[in-house]
Amino acid sequence: MCGICFICDFENCAQELDGQKELLSHSLLCNRGPDAHSRELVSINEKISALFEGCVLWLQGPEPTPQPLLDPLGNVLLWNGDILAGHQVSGDKSDTQYVSERLASGEQESILSFLEDIKGPWALVYFHRPSLRLYFGRDVFGRHSLLWQLPSPQHPRLMVTSVWQQCDELQEIDVTEKELSLERERTIRHLVAPLASVLDDSIGCALWFAGRGQGSAKGLPYVSPSRVLLCGQGADEQLGGYSRHRGRFTTGGWLALLEEIEMEVARIHTRNLGRDNRILAHHGRAPRFPYLDEEVVSTLNEMPVWIKTNMLLGRGTGEKLLLRLVAATLGLSQAARLPKRAIQFGSRIAKLENHKEKGSDQCLRLKGDSSAQEVT
């Protein structure tokens, strides 16, 4: 079983489309074809390029035939199938090579007639260079998966693939100092209350603007339509993500690290999830905390600490080791190697106003009413 994927982007230039290659190397596609894997960025015309990717499971021919297969005329084939009858394929040739040769004539009727006669499961994407025609389809019973998405104003690309690879759009949210001050005074300080530290201010403001989902995507104004927000709270506490975890391991070894993590988990209910819920729900969106799902917490509690985190490894590797391994398995290899950055620093919001403060200091900008208390 092979994995095939075709993307034609009608807005991005070739370099930007080529930059999506790592995203396309998702394990869902590559796991279908472990024997050969390659990509080709093909220029359709002066303005439009297309990316072809194939992952091959080798079943026929003397050796694997890499895909996509380009012939001397510039035609490109992605083939996932088995010709069991209807055509005679010689033993020294793969189905992919045979199909490519037969489709090269480019006559629409002959192409459709050839495909109609194939007995066996198949799916393909075929670009015929001389006619600039793209063919894609599968056998009459649909025995091999082939999914497609037509271009839209929001997603101006054609995509045809064996498996659906979620390519979430990166949304950029830029905030000016003036806008930060205005929204803090008007709304954010009331949601952060009764908390009033500098850390509460930085995190609260970063979450509020992120949760609002108002920014830009591909250089155009964009407001996220998402009604549910996935939040990562709880991962650091359970998987040894804080610098203090490394400090405890350095001074006391595995036992001290285990005690620190157990203490963190035991006091999660006293942390500031209520603050985060108030801030994110203000935008009419529902925050979800998958790392704090009861089953997830229970499963992690049963695991040995050295599986969840390993401080013998360097920064950016040992912390949250289990989560990094999951990310790498899902194809997020670059993200799996990044060191932790707290939201107030990763978002740069802590530096926007350039105050010389400690996180534990009272934040005069919040001017909150500290008479209320969180229920714990």
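Residues numbered from 1 in each chain as written. Predicted model: local features only at pLDDT ≥ 70, side-chain atom pairs only at ≥ 80, totals over all residues. Heavy atoms only, no water.

Trainee: Help me out: how do you make sense of a nonpolar patch on the surface in this one?
Mentor: A cluster of nonpolar side chains, namely F136, W148 and L150, defines an oily patch on the protein surface of about 330 Å² accessible area. Looking at the element boundaries, W148 is found in strand 8 (residues 147-149). (Patch = residues over 30% accessible without salt bridge, like charges linked within 9 Å, V, L, I, M, F, W, Y side chains within 5 Å. Areas by Shrake-Rupley, 256 points an atom, 1.4 Å probe, with all protein chains shown as cover. Salt bridge = Lys/Arg side-chain N within 4 Å of Asp/Glu carboxyl O. Helix = DSSP H or I, 4+ residues; strand = E, 2+ residues; numbered from the N terminus.)

Trainee: What is the right way to look at the packing of helix 7 (residues 198-212) against helix 10 (residues 273-281) in this model?
Mentor: A packed helix pair is summarised by two numbers, namely the angle formed by the two axes and the spacing between the axes. It is the contact of helix 7 with helix 10, at a shortest axis distance of 8 Å, that shows an interaxial angle of 35 degrees. Viewed along their axes, helix 7 and helix 10 form a crossing whose handedness is right-handed. Contact residues: helix 7 offers D200, I203, G204, L207, W208 and G211, while helix 10 offers R275, D276, I279 and L280. (Axes fitted to C-alpha atoms, helices over the stretch in contact; angles between N-to-C directions. Left-handed = near helix turned anticlockwise from the far one by under 90°. Contact = heavy atoms within 4.5 Å.)

Trainee: In this structure, what is going on with the pattern of salt bridges? I would like to understand it.
Mentor: Pairs can form between side chains of opposite charge once their charged atoms are near each other. This structure, assessed with the given rule, holds 18 salt bridges. Close ionic contact of E260 with R248 constitutes a salt bridge, the shortest N to O distance being 3.2 Å. Given a relative accessible area of 11%, E260 falls into the buried group. The salt bridge partner of D276 is R275, with a shortest N-O separation of 2.8 Å. The buried category is assigned to D276, whose relative accessible area is 3%. A relative accessible area of 5% places R275 in the buried class. (Buried < 20%, exposed > 50% of the residue type's maximum accessible area, 1.4 Å probe, protein only.)

Trainee: Even after reading the chapter, I still don't get helix 13 (residues 321-329), so can you show me in this structure?
Mentor: For an α-helix the count is 3.6 residues per turn, leaving residues at separations of three or four pointing the same way. Those residues of helix 13 not exposed but buried are L321, L322, R324 and A327. Lining the buried residues of helix 13 we find helix 8 (235-239), helix 11 (294-302), helix 12 (305-308) and helix 14 (333-336).

Trainee: Is there a simple way to think about the sheet that holds strand 7 (residues 133-138) in this case?
Mentor: Strands pair in a sheet through their backbones, by hydrogen bonds, and they do so in one of two ways: parallel or antiparallel. Pairing in this open sheet of four strands is antiparallel, and the strands run 4-5-6-7 from one edge to the other. The open sheet has two free edges, formed respectively by strand 4 (69-70) and strand 7, since each of these has just one partner strand. Pairing between strand 6 (residues 122-128) and strand 7: six bridges, direction antiparallel. Of the residues in strand 7, the one forming a bridge with H128 is R133. Sitting on the sheet, helix 4 (residues 95-103) touches strand 4, strand 5 (76-81) and strand 6, and the angle it makes with strand 5 is about 135 degrees. (Pairing = 2+ DSSP bridges.)

Trainee: Any chance you could explain the nonpolar core here in plain terms?
Mentor: Taken as a class, soluble globular proteins show a tendency for nonpolar side chains to be buried jointly. The biggest cluster of nonpolar side chains holds 20 residues, and the ones touching the most others in it are I188, V192, W208 and I279. Considering every element that reaches this core, the biggest residue donor is helix 7, with seven residues. With near-sequence residues (within four places) excluded, I188 lies in contact with E183, G204, C205, W208 and F209. Counting residues in each nonpolar core, the second largest holds 16 residues, with F6, I48, V76 and L158 among its members. (Core = buried A, V, L, I, M, F, W, Y, C linked by side-chain atoms within 4.5 Å.)

Trainee: What am I meant to see in the packing of aromatic side chains here?
Mentor: Remark: the centre distance and the inter-plane angle together describe each pair of aromatic rings, the angle taken between the planes. Enumeration over the complete set of coordinates arrives at eight aromatic pairs. Between W79 and W122, the aromatic rings sit 6.1 Å apart at their centres with planes inclined by 10 degrees, giving stacked as the arrangement. Taken together, the residues W79 in strand 5 and W122 in strand 6 connect sequence positions 43 residues apart. One exposure class covers both W79 and W122, and it is buried. Their ring planes at 35 degrees and their centres at 6.5 Å tell us that Y126 and Y135 sit as a pair that is tilted. Y126 gets classed as buried once you look at its relative accessible area, which sits at 1%. What makes Y135 buried here is its relative accessible area of 11%. Each member of the aromatic cluster is reached from another via a ring pair, and the members are F249, W254 and W306. Here R244 stacks its cationic end above the ring of Y242, 4.2 Å away from the centre of that ring. (Phe/Tyr/Trp six-rings, centres within 6.5 Å; stacked < 30°, edge-to-face > 60°. Lys NZ or Arg CZ within 6 Å of the ring centre and 35° of its normal.)

Trainee: Explain the sheet that holds strand 2 (residues 36-43) to me, please; I cannot follow it from the model alone.
Mentor: What the five strands build is an open sheet, ordered 2-3-1-9-8; its pairing is antiparallel. Each of the sheet's edge strands pairs with one partner strand only, and the pair in question is strand 2 and strand 8. The average undirected angle you get between the axes of adjacent strands in this sheet is 5 degrees. The pairing of strand 1 (residues 3-9) with strand 3 (residues 49-56) spans seven bridges and is antiparallel. Counted as the bridge partner of D9 is S49 from strand 3.

Trainee: How do you make sense of the side chain of D201 when you look at a structure like this?
Mentor: Along the chain, D201 falls in helix 7. Here R365 takes part through its side chain, which lies 3.2 Å from a polar atom of the side chain of D201. Those residues within four positions of D201 in sequence are excluded, and the remaining contacts are R184, C363, R365 and L366. (Polar contact = N/O pair within 3.5 Å; in protein donor to acceptor, adjacent residues only side chain to side chain.)

Trainee: Honestly, the side chain of R184 in this entry has me stumped. Any pointers?
Mentor: Following the sequence through the fold, R184 ends up in helix 6 (residues 177-192). Overall, the relative accessible area of 4% leaves R184 in the buried class. Leave out the neighbours within four places in its chain, and R184 touches R189, D201, C205, E353, R365 and L366.

Trainee: What am I meant to see in the pairing of strand 5 here?
Mentor: A regular strand carries its side chains on alternate faces of the sheet. By the criterion of burial, strand 5 is predominantly enclosed, with six of the six residues buried. Neither face of strand 5 is left uncovered, since the one carrying V76, L78 and N80 and the one carrying L77, W79 and G81 both have all their residues buried. Here strand 4 runs beside strand 5; their pairing, made up of two bridges, is antiparallel. Along strand 5, the bridge assignment pairs L69 with L77.

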